[in-house]
Every structure is written in C-alpha cells, then in structure tokens.
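Geometric and topological summary
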Amino acid sequence: MKKPIQILLVEDNAEYRDVMNLAIGRETDMEMLSQFGTAEKAIASLAEGSASARPDIVLLDLCLPGMSGLDAIPLIQDEADGVKIIVLSQSDAQADVMRAITLGVSGYLLKSSTSQQIKEAIRNVVNGDASIDPSLAKYLLKNLREKSSKSAVKKLLSKRELQVLELLADGDMKKEISDKLFISYSTVDAHVRHIYEKLNVRNAPAAVRTAYQMGIFPSDEWL
C-alpha cells in the first residue's frame, strides 16, 4: 500500500489546527505527521528528525508569533530538502504572494478555502503541480504582463497564449475564454494544450507559477 502523504502544519491558531486535523484525518491518502504553533519549533523539529520522518508537505501560515512564515520558508527548505511548502494564510497582500512564490513555495491558498480545496491542493502539489488561489493568480499574471518585454516567457508563449493563460488564472472555463476572445472553442483548447506542453505542466495554477518563475526580471520589488 502506498504511504500516505505526510503533512506538517505550522499554524498558531489552535482551533484552525483542530479543523485541519479533522479534515486530513478523514482521508486515507494523507495524515498529519506533526503540528506546531511557531516556525521556530517546526524548524527545530525538522533539524532534529530523521529523513524517514520528514514531511512531504508543509502547510505554513504567514502571520506567526516570532519568526514570520515568509522568513521561515528558506530555513524550512534548508532543513528538509525536497519538502514542498503550501502557504495557507489570511493574507492576500500582493507583496506576500509575490515574495512567497519567489522563495519557491509550491502553493498559496487563502484560509477561506474549503477543506476539500486544501486537500486537493496537497494532492496536486505532491504530484508535481502547483496550487494557487485563483483570486491571487492575477498578481502573477499582472507582473508577468508588465514585465513581459524582459521575460523569457515572451519568447516561449505567444501573445494569444498569454491572454488565454491570464483568463485560465482568473478561473474562466474554455467556453468562457472562447466567448471573451472571440475565437472558437477548439482554438482555445489548442492554445491551452500548447501552453501546458511548453511549460511542462498539467494545470492552470502550475502554468501561472511556472511562467512567473521563468521570467528573467528583478523580483526584489515584491520583497
């Protein structure tokens, strides 16, 4: 039997930890390995633990007592090589989203997400995809669009493909994209297929994240 996805939760709100414990406890393909109320304790645990006891996923709040979640990201990556981090926060601030993505997190979800959406994001990230809240993906596309003249993505994706990717990030379905861009459904389908092939991804959030990370423009303005 395949080993369940091992999850470490860093969250200072005890009630929210209980909610996540309950939600993950209902699943057979994932389990809560450990949970901590501060980043410092989580990092210390990773430093002391054996490789076999390390998590596959870290669910990380940003607003924590002591060290912030953003400051903790590189330290978690140092202590647990290969671990994938999903930010789970109330913050929808553009600066927070952009800095977290720049630091290499695999997902960024708001706490308003349903437990089902969070669990689906965990599965997607473990399978190599990214998971970004649709309401936040616009920041990545806005930055990508404004900086596209300096970006390698411009050479990789056509102007129309960037338009399609932006609408996918907004949560539009292919039929809606077809209507908005005044092109046929089959043309939209072809554009989506080409975007995924060029970026080597399987879904829209992963495409948005990959397109941003491939940009060869300064990211420090978001930090």
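Read on for an overview of the structure. All values reported here derive from a predicted model rather than from experimental measurement.

Reading guide: rules and limits
Residue positions within a chain follow its written sequence, with the count starting from 1. It should be noted that, the model being predicted, local features are given only for residues of pLDDT at least 70 and side-chain atom pairs only at 80 or more, the latter also being counted only at that level, while totals for whole chains, interfaces and linings use all residues. Excluded from the side-chain calculations are hydrogens and water; all other atoms, namely the structure's heavy atoms, are used. Per-residue accessibility, obtained with a 1.4 Å probe over protein chains only, is compared with the maximum for each type, and a residue is labelled buried under 20%, exposed over 50%, and partly exposed between these values. Per the convention used, a helix needs a DSSP run of H or I reaching at least four residues, while a strand needs a run of E reaching at least two, with both numbered from the N terminus. Two strands make a pair as long as DSSP finds a minimum of two bridges between them. Here is how to tell: hold the view so the strands point away, follow the path from the first strand over the helix to the second, and if it runs clockwise the crossover is right-handed. Residues are treated as being in contact if the distance between any of their heavy atoms lies within 4.5 Å. The salt bridge definition used is simple: a Lys or Arg side-chain nitrogen within 4 Å of an Asp or Glu carboxyl oxygen. By nonpolar core we mean a set of buried residues, namely Ala, Val, Leu, Ile, Met, Phe, Trp, Tyr and Cys, connected to one another through side-chain atoms within 4.5 Å. Any two rings among Phe, Tyr and Trp, with Trp reduced to its six-membered ring, count as a pair given centres within 6.5 Å; such a pair is stacked if its planes are under 30 degrees apart, edge-to-face if over 60, and tilted if neither. In this scheme, the term charge over a ring applies when either NZ of a lysine or CZ of an arginine sits within 6 Å of the ring centre and within 35 degrees of the ring normal. Axis lines are fitted to C-alpha atoms, over the contacting stretch for helices. Their N-to-C directions set the angle, which ranges from 0 to 180 degrees. The labels follow the angle: roughly parallel below 35 degrees, roughly antiparallel above 145, roughly perpendicular from 65 to 115, and oblique for the rest. Crossing handedness follows the turn of the near helix against the far one: under a right angle anticlockwise gives a left-handed crossing, and clockwise gives a right-handed one. Basically, the charged four are Asp, Glu, Lys and Arg, the nonpolar ten are Ala, Val, Leu, Ile, Met, Phe, Trp, Tyr, Cys and Pro, and anything else, Gly included, counts as polar.

So, the pairing of strand E1 (residues 5–10)
A large share of E1 lies buried, amounting to 6 of its 6 residues. Of the two faces of E1, the one lined by Ile5, Ile7 and Leu9 and the one lined by Gln6, Leu8 and Val10 are each fully buried. In this sheet, strand E2 (residues 30–36) lies alongside E1 in parallel orientation, the contact comprising 6 bridges. Bridging from a neighbouring strand, Gln6 pairs with Glu31 of E2. Regarding topology, helix H1 (residues 14–25) serves as the crossover connection from E1 to the parallel E2, and that connection is right-handed. Two elements, E1 and strand E3 (residues 57–60), share 4 bridges in a ladder whose sense is parallel. Note on E3: the bridge partner recorded for Leu8 is Val58.

Examining the side chain of Ser131
As for its position among the elements, Ser131 is in strand E6 (residues 131–132). By relative accessible area, Ser131 is classed as buried at 10%. With residues up to four places along the chain from it excluded, the contact list for Ser131 reads Ser106, Gly107, Tyr108, Leu109, Ala121, Val125 and Pro205.

Section: the pattern of salt bridges
Two side chains that carry opposite charge are able to pair once their charged atoms sit near each other. For the structure on display, the rule yields 13 salt bridges. Overlapping salt bridges bring together Glu27, Asp29, Lys119, Glu120 and Arg123 as one network.

Side note on the nonpolar core
Where a protein is soluble and globular, its nonpolar side chains tend to be buried together. Core analysis: the biggest nonpolar cluster contains 53 residues, and Val58, Leu60, Ile76, Tyr108, Ile195 and Tyr196 have the highest contact counts within it. By size, the runner-up hydrophobic cluster in this structure holds 17 residues, among which are Ile5, Leu9, Ile24 and Ile57.

So, the packing of aromatic side chains
Inspection of the entire model under this criterion finds 0 aromatic pairs. A cation sits over an aromatic face here: Lys111 above Tyr16, 5.0 Å from the ring centre.

Some details on the packing of helix H2 (residues 39–48) against helix H3 (residues 69–79)
In the contact formed by H2 and H3, the axes pass within 9 Å of each other and the chain directions differ by 15 degrees. Viewed along their axes, H2 and H3 adopt a mutual orientation that is roughly parallel. Read as a crossing pair, H2 and H3 show a hand that is left-handed. The residues of H3 that touch H2, namely those facing Ala39, Ile43, Leu46 and Ala47, are Ala72, Leu75, Ile76 and Glu79. Tallied by class, the residues present in the contact of H2 with H3 amount to 7 nonpolar, no polar and 1 charged.

Structural notes on the packing of helix H9 (residues 174–181) against helix H10 (residues 185–199)
The contact between H9 and H10 brings their axes to 9 Å, and the two run at 110 degrees. Judged by the inter-axis angle, H9 sits roughly perpendicular to H10. Our pair here, H9 against H10, has a crossing hand that is right-handed. The segment H9 lies against H10, with Lys174, Lys175, Ile177 and Ser178 engaging Tyr185, Val188, Asp189 and Val192. Taken together, the residues of the contact of H9 with H10 sort by class into 4 nonpolar, 1 polar and 3 charged.

Examining unusual backbone geometry
Its identity as a non-glycine residue notwithstanding, Phe182 has a phi of 60 degrees, on the positive side. Summarising the element assignment, Phe182 is placed in the loop between H9 and H10. For Phe182, a relative accessible area of 75% corresponds to the exposed category.

What to know about the pairing of strand E4 (residues 84–89)
Within E4, 5 of the 6 residues are buried, which leaves it mostly tucked inside the rest of the structure. Sheet analysis places E3 next to E4, joined by 4 bridges and oriented parallel. Paired with Val58 across the bridge in E4 is Ile85. Each parallel crossover has a hand, and for E3 linked through H3 to E4 it is right-handed. Both E4 and strand E5 (residues 107–110) contribute to a ladder of 4 bridges, which runs parallel. Within E5, the position partnered with Leu88 by the bridge is Leu109. You can see the chain leave E4, run along helix H4 (residues 94–103) and come back into E5, and the turn it takes is right-handed.

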